[in-house]
Amino acid sequence: MKHWISLHREALRLVLDRMWSTKLATLMMLSVIGLTLSLPAGLYLVLDNAGRLAGGIESDPQISLFLNIDASNETVKALDKQLRSHKMVKDYRFVGRDAAWAELKQKAGLDDLAGGLEKNPLPDAFIVHARSNEPETIEQLRQEIAQWDGIDHVQLDTAWVKRLYSLLQVGRQAVLVLAGMLGFALLAVVGNTIRLQILTQREEIEVSQLIGATNAFIRRPFLYAGSLHGLGGGIAAWLLLAAATTLFNFSIEDVARLYASDFRLTMLDGGTILILLGGSTLLGWLGSYLAVSRYLSSIH
Amino acid sequence: MIKFDQVGKLYPGGYEALRNVSFEIAKGELAFVTGHSGAGKSTLLKLIAAIERPTAGTVLIGNQNVAKLRPAAIPHMRRKFGLVFQDHKLLYDRNVYDNVVLPLHINGILGNEAAKRVRAALDKVGLLGKEKAMPITLSGGEQQRLAIARAVVSRPSILIADEPTGNLDETYAAEIMNLFYAFHQVGVTVIIASHDASTIAASGAKVLRLDHGAMTS
Ligand SMILES: Nc1ncnc2c1ncn2[C@@H]1O[C@H](COP(=O)(O)OP(=O)(O)OP(=O)(O)O)[C@@H](O)[C@H]1O
Ligand SMILES: [Mg+2]
């Protein structure tokens, strides 16, 4: 075990030495990988924040219940009772047709126009707030209420929330597709870097094999190099996003204050960062494993 | 310990470098392989060290048939040997110390133990003060001695040297040959390829003479 650890430590030392002696090239490589990774991670960040923003707004979706125009007082009372005892209804209020008509005429300055109408065209209505704000639950409630006696029409004003939700859903899928594609690109980028390193160390590999090095021994430093490139690239992407978020927050501070909003882009959370770094390290490892394997099988 | 039985080697191009070669080398023996340039000396040494495979006959190393080894077992077989290559095969982008320590790392020997052994090997070949030097800055003879230090550092039981005195003047050549005799004295099996008749005549050791791929004695 101790032996195994020191073998790995030796390989790691070798790789770090090499990366240090080619600082500039290494730094460039890490930036390229970091930029590649920051695209899906950045999109994720934007969607995450958009979801949070939407969550803040959609908290009081309204359901409007329009009664039949000739609904009787009994019907109104019955509906009132039904709403009061319904589990999913948070609160509601009644808007009588006369009050609504008066308000409309006054508010909109439609006195003249409305004067032309001899009868009040508005029905009685209830405005309902549901306990949940999930589009599916609200839709369910809407359908249920629509079956009740005396209801002419139930209207949801959450249609846009629903649209936003499905947009976010599409966005999340886009993140996955993008991450998959760029992960592939990362594999190729690291694989190529390692392939070039292998070419410059061809003699060393040849001599090592002649004096009894196993494939595992040959592979080890390259696997470390690949993993470190992946990890370094992941960290670069993280720093890039952190810088972008900070910059953005700084510049929207005034705007946000203007609108009395405390909206800020939040950074990637710990779990996501772990996935980002772990994923990039793994991809780097895999990229170099493929590159070394291809080389080893080509020389036998 | 090393046994060739009617061994032939046909290189991929169709050139027959060895034909019907049979001999035995016992444990602890000192043997020379000699013959004109292109006679097949290097080929024979490569067959011993499991670097090339025979295309006819059998090569036995300590009762193991080299041709029948699994690919994964070959590296372990090669570690039994200390090899001095005809073209040295030094790593010119690594310093003297790192060149010599490579076989130890391959054998999993690291740290202080490795450093101690590297110094001992460099001391033996007279390069102790040159650990940090790059091989390219060494003279031809020093490079040759560096190659020997790398071959002996992991204390192999079989030492194989291909023209180790090739481009050295007489005094240096004699010095290096004495080095090999010293290893032979302590029980190491030593096999040396050389076309230099004078070094061989003096030793009274076993001689394998090759002529166009065939053994003549
Ligand atoms: N890898 C190879 N592929 C094809 N032919 C080869 C190969 N290696 C050696 N040969 C041929 O086999 C013959 C023997 O080569 P070898 O290197 O064994 O000779 P040698 O006795 O060591 O010669 P020298 O004293 O010049 O080193 C030569 O004619 C050479 O051209
Ligand atoms: Mg030769």
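Everything numeric here is computed off the predicted structure, so don't read it as measured data.

Engineer: So what exactly am I meant to see when it comes to the sheet that holds strand S3 (residues 30-35) of chain B here?
Structural biologist: Adjacent strands of a sheet form backbone hydrogen bonds with each other and so pair up, either parallel or antiparallel. Residue and element names in this part refer to chain B. Ordered in space as S6-S7-S8-S3-S9-S10, the six strands form an open sheet in which the pairing is mixed. The open sheet is flanked by strand S6 (81-84) and strand S10 (214-215), the only strands paired with a single partner. In the sheet, strand S7 (residues 158-162) pairs with strand S8 (residues 189-193) via five bridges, with the strands oriented parallel. Paired with Leu159 across the two strands is Val190, which belongs to S8.

Engineer: Would you mind showing me how to read the domain arrangement of chain B here?
Structural biologist: Much of the literature gives interface size as the accessible area that the parts lose upon coming together. Residues and elements named next belong to chain B. Structurally, chain B comprises domain 1 (2-80 + 156-216) and domain 2 (92-154). On a C-alpha basis, the centres of domain 1 and domain 2 stand 23 Å from each other. Taken residue by residue, the interface counts 14 residues in domain 1 and 12 residues in domain 2. Summing the contributions of domain 1 and of domain 2, the shared interface buries around 1,100 Å²; its carbon and sulfur component is 65%.

Engineer: Mind showing me how you'd approach the site of ligand 1 here?
Structural biologist: All names here are of chain B. Contacts to ligand 1 come from 13 residues, most closely from Ser37, Lys41, Ser42, Thr43 and Gln86. Here an oxygen atom of ligand 1 and a side-chain polar atom of Lys41 are 2.7 Å apart. In the environment of ligand 1, an oxygen atom lies 2.6 Å from a nitrogen or oxygen atom belonging to the side chain of Thr43. When isolated, ligand 1 has an accessible area of 630 Å², and the protein chains bury 66% of it. Residue contributions to the shell around ligand 1 peak at three residues, all from helix H1 (residues 41-48). Within the shell around ligand 1, the residues separate by chemical class into four nonpolar, seven polar and two charged.

Engineer: Mind showing me how you'd approach the environment of Tyr92 of chain B here?
Structural biologist: Residues and elements named next belong to chain B. Residue placement: Tyr92 occurs in the loop between S6 and helix H3 (96-106). For the pair Tyr92 and Met1, spaced 91 residues apart in the sequence, the C-alpha separation amounts to 35 Å. Dropping the residues within four chain positions of it, Tyr92 is found in contact with Met134, Pro135, Ile136 and Gln143.

Engineer: Just checking my understanding: could you explain the interface of chain B and chain A for this structure?
Structural biologist: Each partner contributes residues to the interface: chain B has 18 residues there, and chain A has 18 residues. Roughly 1,700 Å² of surface becomes buried between chain B and chain A when both sides are summed, with 66% attributable to carbon and sulfur atoms. Viewed at the interface, chain A and chain B are joined by two salt bridges. One salt bridge connects Lys89 of chain B with Glu206 of chain A, and the closest N-O pair in it is separated by 3.3 Å. With four residues, the top contributor of residues to the side of chain B that touches chain A is H3 of chain B. Here the side of chain B that touches chain A is composed, by residue class, of 10 nonpolar, three polar and five charged.

Engineer: I would appreciate a short explanation of the packing of H3 of chain B against helix H5 (residues 140-152) of chain B in the present structure.
Structural biologist: Each pair of packed helices can be described by the angle between their axes along with the distance between the axes. Residues and elements named next belong to chain B. Between H3 and H5, whose axes approach to 7 Å, the crossing angle comes to 30°. At the point where H3 passes H5, the crossing takes the right-handed sense. Contacts between H3 and H5 involve Val96, Asn99, Val100 and Pro103 on the former and, on the latter, Leu146, Ala149 and Arg150. Of the residues assigned to the contact of H3 with H5, the class counts are five nonpolar, one polar and one charged.

Engineer: So what exactly am I meant to see when it comes to the coordination of the magnesium ion (ligand 2) here?
Structural biologist: Reference values for angles at a metal are 109.5 degrees in the four-donor tetrahedral case and 90 or 180 degrees in the six-donor octahedral case. All names here are of chain B. At this site the magnesium ion (ligand 2) is bound by Ser42 (OG) and Gln86 (OE1), with donor distances of 1.9 to 2.2 Å. Taken as a pair, Ser42 in helix H1 and Gln86 in the loop between S6 and H3 lie far apart in primary sequence, 44 residues in all. Residue Gln86 is classed as partly exposed on the basis of its relative accessible area of 44%.

Engineer: Where do I start with the nonpolar core in this structure?
Structural biologist: Within soluble globular proteins, side chains that are nonpolar tend to cluster in buried spots. In this structure, Ile2, Phe4, Leu44, Ile48, Phe81, Ile160 and Ile191 of chain B are the most contacted members of the largest nonpolar core, which totals 64 residues. With seven residues, the single largest contributor to this core is helix H10 (residues 270-298) of chain A. In this view, Ile48 of chain B contacts Ile2, Phe4, Ile61, Phe81, Ile160 and Ile191 of chain B; residues no more than four positions away in its chain are not counted. If you look at the next biggest cluster of nonpolar residues, it comprises 37 residues, including Phe32, Ile176, Phe180 and Phe183 of chain B.

Criteria and thresholds
- Residues numbered from 1 in each chain as written.
- Chains lettered and ligands numbered in written order.
- Predicted model: local features only at pLDDT ≥ 70, side-chain atom pairs only at ≥ 80, totals over all residues.
- Heavy atoms only, no water.
- Pairing = 2+ DSSP bridges.
- Helix = DSSP H or I, 4+ residues; strand = E, 2+ residues; numbered from the N terminus.
- Domains from an automatic or database assignment.
- Contact = heavy atoms within 4.5 Å.
- Buried area = accessible area lost by both parts, 1.4 Å probe.
- Near = heavy atom within 4 Å.
- Polar contact = N/O pair within 3.5 Å; in protein donor to acceptor, adjacent residues only side chain to side chain.
- Areas by Shrake-Rupley, 256 points an atom, 1.4 Å probe, with all protein chains shown as cover.
- Nonpolar A, V, L, I, M, F, W, Y, C, P; charged D, E, K, R; others polar.
- Salt bridge = Lys/Arg side-chain N within 4 Å of Asp/Glu carboxyl O.
- Axes fitted to C-alpha atoms, helices over the stretch in contact; angles between N-to-C directions.
- Left-handed = near helix turned anticlockwise from the far one by under 90°.
- Donors = N, O, S within 2.8 Å, 3.2 Å for Na, K, Ca; no water.
- Buried < 20%, exposed > 50% of the residue type's maximum accessible area, 1.4 Å probe, protein only.
- Core = buried A, V, L, I, M, F, W, Y, C linked by side-chain atoms within 4.5 Å.

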